[in-house]
Amino acid sequence: MEWTDEAFVLAARRHGEGAAVVQLLTREHGRHAGLVHGGGSSSKRAIVEPGNRVQSNWRGRLPEHLGSVTLEVERSYAASLMDDPKRLSALAAACAVAEVALPEREPHPAMFHATQALLDSLADTDDDVWPAVYIRWELGLLGELGFGLDLSTCAATGQSDDLIFVSPRTGRAVSREAGMLYQDKLLVLPGFLAPSEGTEISATADDIRDGVTLTRYFLARHVFDPLNKPLPGARDRLTDLLKDPPKSP
Amino acid sequence: MSAPEIDRLIELLAKLPGLGPRSARRVALHLIKRPAQLMTPLADALAATAEAISPCQICGNVDTSDPCRICANPERDASAICVVEDVADLWALERTGVHRGRYHVLGGTLSALDGVNPEDLNIGKLVDRAKETAVLEVILATNATVAGQTTAHYIVERLASAGVKVSRLAHGVPVGGELNYLDDGTLTAAMKSRRPL
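Parameters at a glance
- Residues numbered from 1 in each chain as written.
- Chains lettered and ligands numbered in written order.
- Predicted model: local features only at pLDDT ≥ 70, side-chain atom pairs only at ≥ 80, totals over all residues.
- Heavy atoms only, no water.
- Helix = DSSP H or I, 4+ residues; strand = E, 2+ residues; numbered from the N terminus.
- Rg over C-alpha atoms; globule rule 2.2 N^0.38 Å.
- Buried < 20%, exposed > 50% of the residue type's maximum accessible area, 1.4 Å probe, protein only.
- Contact = heavy atoms within 4.5 Å.
- Areas by Shrake-Rupley, 256 points an atom, 1.4 Å probe, with all protein chains shown as cover.
- Lys, Arg positive; Asp, Glu negative; His and termini not counted.
- Charge placed at Lys NZ, Arg CZ, Asp CG, Glu CD.
- Pairing = 2+ DSSP bridges.
- Domains from an automatic or database assignment.
- Buried area = accessible area lost by both parts, 1.4 Å probe.
- Salt bridge = Lys/Arg side-chain N within 4 Å of Asp/Glu carboxyl O.
- Phe/Tyr/Trp six-rings, centres within 6.5 Å; stacked < 30°, edge-to-face > 60°.

Chemist: Quick question: what am I supposed to make of the overall build of chain B here?
Modeler: In terms of helices and strands, chain B carries 8 helices and 6 strands. Each helix and strand of chain B, placed in order from N terminus to C terminus, yields the pattern α-α-α-β-β-α-β-α-β-α-β-α-β-α. The globule rule puts the C-alpha radius of gyration for 197 residues at 16 Å, and the 21 Å found for chain B is more than 25% above it. The buried share of chain B, reckoned over its 197 residues, is 32%. For chain B, restricting intrachain contacts to residue pairs at least 6 apart in sequence, the fraction spanning at least 24 positions comes to 48%. Only carbon and sulfur atoms are counted for the fraction: they give 57% of the accessible area of chain B, which is about 12100 Å². Of the side-chain charges in chain B, 21 are positive and 23 negative, and the distance between the mean point of each set is 5 Å.

Spelled out as C-alpha cells, the structure:
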C-alpha cells in the first residue's frame, strides 16, 4: 500500500531514539498517523513541527498498519508566527484540537481546506481577521463531526433577524425577543456569525470572546467530554489570550 | 546463554541512548574483559555520582552540590538569568562560555500533546527569582519550536509584573550556513529578524 497526499502536521511524538510518530491532516485520507524515520533527530525535527504544510508519502504492507511516512516541507507556517503569541497560540490550538477531535483515517477534505485558510490567515494577513477565521474553523469542525450549529433562524420563532443567542441544548440560534427571558441560560451569538444580508460584519473584541466561548462549549460537550478528555491546554490558553483585543504584529 | 548477572548488565546497557541490545552486548563484553581498568571504576563512578547528584533548589540544574556551582559562584553575573528547557541546553550554553550569568532550568515545555501545564514546569521559582533586586534581565533560550516559543510567550506574560528586561535568542542563519540549503522557515525567521549593519 502506498499513497501520496498533501497534509498538515498536527503533532509528533518521539518513538524510540531517532523516529517520530506523526499525526497528519491529509487532504484525501483524513487524519492519518505514520512513522517518520529520523523524525526525532535534530536534523529532521523541524520537518515535524505542528502546522507545517507537507507533501506526504505513506507506505505500509497493509492499510491498517501504522506504516512509515516520508515528508517534504512545502511551507513552515510556525516559522512566521514565532514572534506573535496569539497567532502562535491559535496555530497550536487548531493542531491540538484537530488531533483529538478528528477521527483517524476518515476523509475530511473540507477540514483540510479550512485549515489551509486558517493558517494562511494567521501567516499572511496583517489585520485582525484571524480570530474570526479561527472561530469559523471550529464551527466547521463541529459541522464536519455532525454537531453543526444552526445559526440561520430562531429556534423558537423562526425569524432570521435579530439573532443574538444560541441555545446550549440544541445549538440553534435564538432571537432577542424569544431569548431575553432566558439570557442567563443562553450562550451569546457573536454578531459576525449571525446571518446578514450580504454585508460583512467585522468582529469586535467582545464578539471574539463570545465566539471562542461558544465553540468551546460545544466542542467540550460533543467532542471532548464523550472522549473523557479535557480540551487541550493550548485551546484554553488561546481563550485567555483572546480576552484582550487582538493586535497585529 | 550467559550468566543472569551479565544478562542484567546487557539489559540495562541496552536502555542507554545510542545503544541497542547488540551494541549493549559489545559494551558488556568490553567491560568484562577489562574489570580492573574499566568495569570497577565505572561502577564506582556511577555509584558515587548517583549518591552525590541532586537538583539545585535555586535553578534546577543538576550538580553534586546544592546550590549548584553556577548559582554558588560569586563571580557569575547575578543580574542575568538565562532560561533553558533542559540541563542539556544549559551544558550547551556553558560549552560556549558566552553567558556569564546564571541559569534557570524549566524542565520541559508546555505541551498539549503530553499534557504538560505551567504548574508542571519550574516557572514559579523563575518569577520569584526575577523579582529579586539583583536581577535585571531574563534571557529566554527555549528551542525555536512551537512548544518552545509558546512557553517563552507564557513566561513573558508571567514576568510582566517583575519589571525586568526580557529577551530571547535570535532565530536565523547559522554560522557556516548557506542560504541555498536553509529551510523556508529558518529563512523566513532570519529575514524577519534582520538588523542594520
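Chemist: Is there a simple way to think about the pairing of strand β3 (residues 30-36) of chain A in this case?
Modeler: Note on strand geometry: in a regular strand, side chains alternate between the two faces of the sheet. All names here are of chain A. Summarising burial for β3: 7 of the 7 residues are buried, a large majority. As defined by bridge partners, strand β2 (residues 19-26) adjoins β3 across 7 bridges and the pair is classed as antiparallel. Counterpart to Val-21 in the pairing with β3 is Leu-35. With antiparallel pairing between neighbouring strands as the criterion, β2 and β3 make up a hairpin whose turn holds 3 residues.

Chemist: Help me understand the domain arrangement of chain A in this model?
Modeler: Accessible area lost during the coming together of the parts is what is often quoted as the interface size. Residues and elements named next belong to chain A. You can read the domains of chain A as domain 1 (2-77) and domain 2 (85-241). Spacing between the C-alpha centres of domain 1 and domain 2 amounts to 28 Å. Contacts between the two partners involve 27 residues from domain 1 and, on the opposite side, 21 residues from domain 2. Buried surface at the junction of domain 1 and domain 2, summed over both partners, amounts to about 1900 Å²; 58% is from carbon and sulfur atoms. When the buried area of domain 1 at its contact with domain 2 is split by residue, Arg-27, Arg-31 and Tyr-77 rank highest and sum to 36% of it. Remark: the boundary between domain 1 and domain 2 carries 3 salt bridges.

Chemist: What exactly am I supposed to notice about the packing of aromatic side chains here?
Modeler: The relative placement of two aromatic rings is captured by the distance of their centres and the angle of their planes. All names here are of chain A. Inspection of every chain in the model, using the stated rule, returns 5 aromatic pairs over all chains. Ring centres 6.4 Å apart and planes at 50 degrees place the aromatic pair Phe-8 and Tyr-77 in the tilted group. Within this pair, whereas Phe-8 is found in strand β1 (residues 2-15), its partner Tyr-77 is found in the loop between β5 (68-76) and α1 (85-101), the two being separated by 69 residues in sequence. For the pair formed by Phe-8 and Tyr-77, the shared burial category is buried. With a centroid separation of 5.0 Å and 90 degrees between ring planes, the pair formed by Tyr-217 and Phe-218 is classed as edge-to-face. According to the relative accessible area criterion, Tyr-217 is partly exposed, its value standing at 34%. Its relative accessible area of 0% is what places Phe-218 among the buried residues.

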